[in-house]
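These are the residues of each chain, in order.
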2 protein chains.
Amino acid sequence: MKKDKISEVTTNRLSLYLRCLTEAGAAGAETISSQAIAERLHLNSAQIRKDLVQFGEFGRRGLGYSVPTLCEHLTRVLGLDKEHRFCIIGAGRLGTALADYYGFRNTNFTVTALFDTDKQKIGKKIGHIKILDMKNFADTVKRDNIEVAVVAVPAEHAQAALDLAADAGIRAVMNFAPVPLKAPVDIRLRTVDLTTSLESLAYFLAQPARRDRKRKPANGRSNNK
Amino acid sequence: MKKDKISEVTTNRLSLYLRCLTEAGAAGAETISSQAIAERLHLNSAQIRKDLVQFGEFGRRGLGYSVPTLCEHLTRVLGLDKEHRFCIIGAGRLGTALADYYGFRNTNFTVTALFDTDKQKIGKKIGHIKILDMKNFADTVKRDNIEVAVVAVPAEHAQAALDLAADAGIRAVMNFAPVPLKAPVDIRLRTVDLTTSLESLAYFLAQPARRDRKRKPANGRSNNK
DNA sequence: TGATGTGAAGCGGTTCACAGCC
DNA sequence: GGCTGTGAACCGCTTCACATCA
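Described in the following lines is the structure provided in the data block. Everything quoted here is computed from the prediction, not taken from an experiment.

Cut-offs applied
- Residues numbered from 1 in each chain as written.
- Chains lettered and ligands numbered in written order.
- Predicted model: local features only at pLDDT ≥ 70, side-chain atom pairs only at ≥ 80, totals over all residues.
- Heavy atoms only, no water.
- Helix = DSSP H or I, 4+ residues; strand = E, 2+ residues; numbered from the N terminus.
- Contact = heavy atoms within 4.5 Å.
- Areas by Shrake-Rupley, 256 points an atom, 1.4 Å probe, with all protein chains shown as cover.
- Lys, Arg positive; Asp, Glu negative; His and termini not counted.
- Charge placed at Lys NZ, Arg CZ, Asp CG, Glu CD.
- Buried area = accessible area lost by both parts, 1.4 Å probe.
- Salt bridge = Lys/Arg side-chain N within 4 Å of Asp/Glu carboxyl O.
- Pairing = 2+ DSSP bridges.
- Axes fitted to C-alpha atoms, helices over the stretch in contact; angles between N-to-C directions.
- Buried < 20%, exposed > 50% of the residue type's maximum accessible area, 1.4 Å probe, protein only.
- Least-squares fit on C-alpha atoms with pLDDT ≥ 70 in both.
- Disulfide = S-S within 2.5 Å.
- Parallel < 35°, antiparallel > 145°, perpendicular 65-115°, else oblique.
- Left-handed = near helix turned anticlockwise from the far one by under 90°.
- Phe/Tyr/Trp six-rings, centres within 6.5 Å; stacked < 30°, edge-to-face > 60°.

Across its full length, chain A carries 8 helices and 12 strands. Overall, the C-alpha framework of chain A stretches about 60 × 50 × 35 Å when taken along its three principal axes. Taking all contacts inside chain A whose residues are at least 6 apart in sequence as the whole, residues at least 24 apart take part in 57%. For chain A, the exposed surface amounts to about 10,500 Å²; the carbon and sulfur share of it is 51%. Across chain A, the centroid of the 35 positively charged side chains sits 5 Å from that of the 24 negatively charged ones.

Shown next as structure tokens:
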């Protein structure tokens, strides 16, 4: 049964399914069961069937899912059949690191610009990406059809950066600044707080260690969870 | 009422509360209400009270919480009253970027080592952190009392890296490799998948835009959720 | 028989609403 | 009156269990 309210955890898993299917396809699999996907991803098979059926009945009872057709469907569902452009706001340590990291990868998600307000940095290049003046942000976003912004500025400027992005027509924002932001409803916001993530691990270090050694499945999120 | 099963979402929020309290304290606040914290973090005030009461009844009815005492309590609860050391496994683009990012920050969480297997990289320095041979991993971890490992190796080597970390006595792992890992129960694992996070945002780009402009609160997680 | 699609149950976290205390 | 601590209601996601179909 199709649904229209898709949660963030679901879309995150869809991306994992697609990666899994691509690998299975490369290994020559023609068909795959929800059970097989579940084992690879340490998930429950019912979960996977429930996720997939929200977009159509792609499976065949007794057979499983056709790897190539499911790949196609998921690619389209996730909007990965189109080229997407994103920019990074903030050319500090984290911003340049992310530009370097994402800039290198070769998917249909490409970094096309890196912005800063610091005159010292403007004009320099990180890999093949030039650092642009934040003054030209809105114009560049519109001219280059940039859809997503990654916010990598200090906490105190993050909300302003998001607001500028919203005004320029950006539709989704990934925030690395350690501060909770407010976004208009039509903007999709995701915050990844590298400091908090690390600090909250510290809590478990303070707990007494348990010396039993059984394996347990682990979450695939994180981010998204 | 005290509890002993603390969830990851809760510890994540504790870290946010601490940050918020530190700011409030710096601004001269002696006392703060759950409502005030809730507004800053875009959370529900009952949520905050429920979180805090798991570690003791720190508040005074009619008054709120004492900023300095709550700070102390949270710092101790999160284990941030002690120095923690962590290392990064993998000195590729992401690993060096993270070393650079975390290495610069000045908290009681410090990067003390960066590991790789590539002879070309071993011996070089990223900031003030030297790249060490993965062969010396276990020895270094034990000698330097490293408690946390950040995994930043290619997906196909991530499980092996985690296993090595577990054997060396590491208690918590933050995984940046885009692959679901299995960890022993006594190891705390958190995965941050930068590719999936970005890709799953693409789903929303494919949805029809809604042109109403009301502000809505946004998640502070993460990550982690 | 094998694997999907799905109603129902289960579970954990969030919010409400209010009693209790300052 | 103000604000905490908390039982109850709520909500959404996950898992179970099974009817259904190839």
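This next bit is on the interface of chain B and chain A. Between chain B and chain A, the contact holds 85 residues from the first and 85 residues from the second. The junction of chain B with chain A conceals about 8,400 Å² of combined surface from both sides, 59% of it contributed by carbon and sulfur atoms. Remark: the boundary between chain B and chain A carries 4 salt bridges. For Asp193(A), the salt bridge identified is with Arg19(B), shortest N-O distance 3.0 Å.

In any sheet, the strands associate via hydrogen bonds between backbone groups, in a parallel or an antiparallel arrangement. Residue and element names in this part refer to chain B. As summarised here, the arrangement of the 7 strands in space is β6-β7-β5-β4-β8-β9-β11, forming an open sheet in which the pairing is mixed. Pairing within the sheet leaves two strands with one partner each, and these edge strands are β6 (125-126) and β11 (188-191). Across 4 bridges, the pairing between strand β4 (residues 84-89) and strand β8 (residues 148-151) is parallel. Among the inter-strand pairings, Ile89 is bridged to a residue of β8, identified as Val151. Its contacts with the sheet put helix α5 (residues 93-104) on β4, β5 (109-116), β6, β7 (129-133), β8 and β9 (172-175), and the angle it makes with β5 is roughly 160°.

Turning our eyes to something else, we now look at the side chain of Thr11(B). Relative to the assigned elements, Thr11(B) resides in helix α1 (residues 8-26). Since its relative accessible area comes to 0%, Thr11(B) is described here as buried. In this structure, Thr11(B) is in contact with Ser200(A), Tyr203(A), Phe204(A), Ile6(B), Leu78(B) and Arg190(B), ignoring residues within four places of it in sequence.

In this section: the pairing of strand β8 (residues 148-151) of chain A. Residue and element names in this part refer to chain A. Residues Val148 and Val150 point to one face of β8 and Ala149 and Val151 to the other, with burial holding for every one of them. Where β8 meets strand β9 (residues 172-175), 4 bridges bridge the pair, whose relative direction is parallel. The residue of β9 that forms the bridge with Val150 is Met174.

Each copy superposes on the other: chain B lies on chain A with an RMSD of 0.0 Å after a rotation of 180° and an axial shift of 0.0 Å. Within this description, the copies of the chain are treated as partners about a two-fold rotation axis. Same-surface contact between copies: 100% of interface residues of chain B are shared with the interface of chain A.

Glancing now at the state of the cysteines. Overall, the coordinates contain 0 disulfides over all chains when judged by the stated rule. Free of any disulfide, Cys71(B) has its nearest neighbouring cysteine sulfur in Cys20(B), separated by 9.4 Å.

A separate point is unusual backbone geometry. Residues and elements named next belong to chain A. Residues other than glycine seldom take positive phi values, yet His42 does so here, at roughly 55°. Within the element layout of this structure, His42 appears in the loop between α2 (34-41) and α3 (45-53). Given a relative accessible area of 23%, His42 falls into the partly exposed group.

For the pair helix α8 (residues 194-205) of chain A and α1(B), interaxial distance at closest approach is 8 Å and the crossing angle is 115°. When the interaxial angle is binned, α8(A) and α1(B) end up roughly perpendicular. Classified by chirality, the crossing of α1(B) by α8(A) is right-handed. On the side of α8(A), the interface is formed by Thr195(A), Thr196(A), Ser197(A), Glu199(A), Ser200(A), Tyr203(A) and Phe204(A), while α1(B) contributes Thr11(B), Asn12(B), Ser15(B), Leu16(B) and Arg19(B).

Now for the packing of aromatic side chains. Under the defined criterion, the tally for this structure stands at 12 aromatic pairs over all chains. Relative to Tyr102(A), the ring of Phe86(A) has its centre 5.4 Å away and its plane inclined at 90°; by these criteria the two rings are edge-to-face. Within this pair, whereas Phe86(A) is found in strand β4 (residues 84-89), its partner Tyr102(A) is found in helix α5 (residues 93-104), the two being separated by 16 residues in sequence. With respect to class, Phe86(A) is no different from Tyr102(A); both count as buried. Taking the centre distance of 6.3 Å and the plane angle of 75° together, the rings of Tyr203(A) and Phe55(B) count as edge-to-face. Separated into two different chains, Tyr203(A) in helix α8 and Phe55(B) in the loop between α3 (45-53) and β2 (59-60) make up a pair that spans both. One exposure class covers both Tyr203(A) and Phe55(B), and it is buried.

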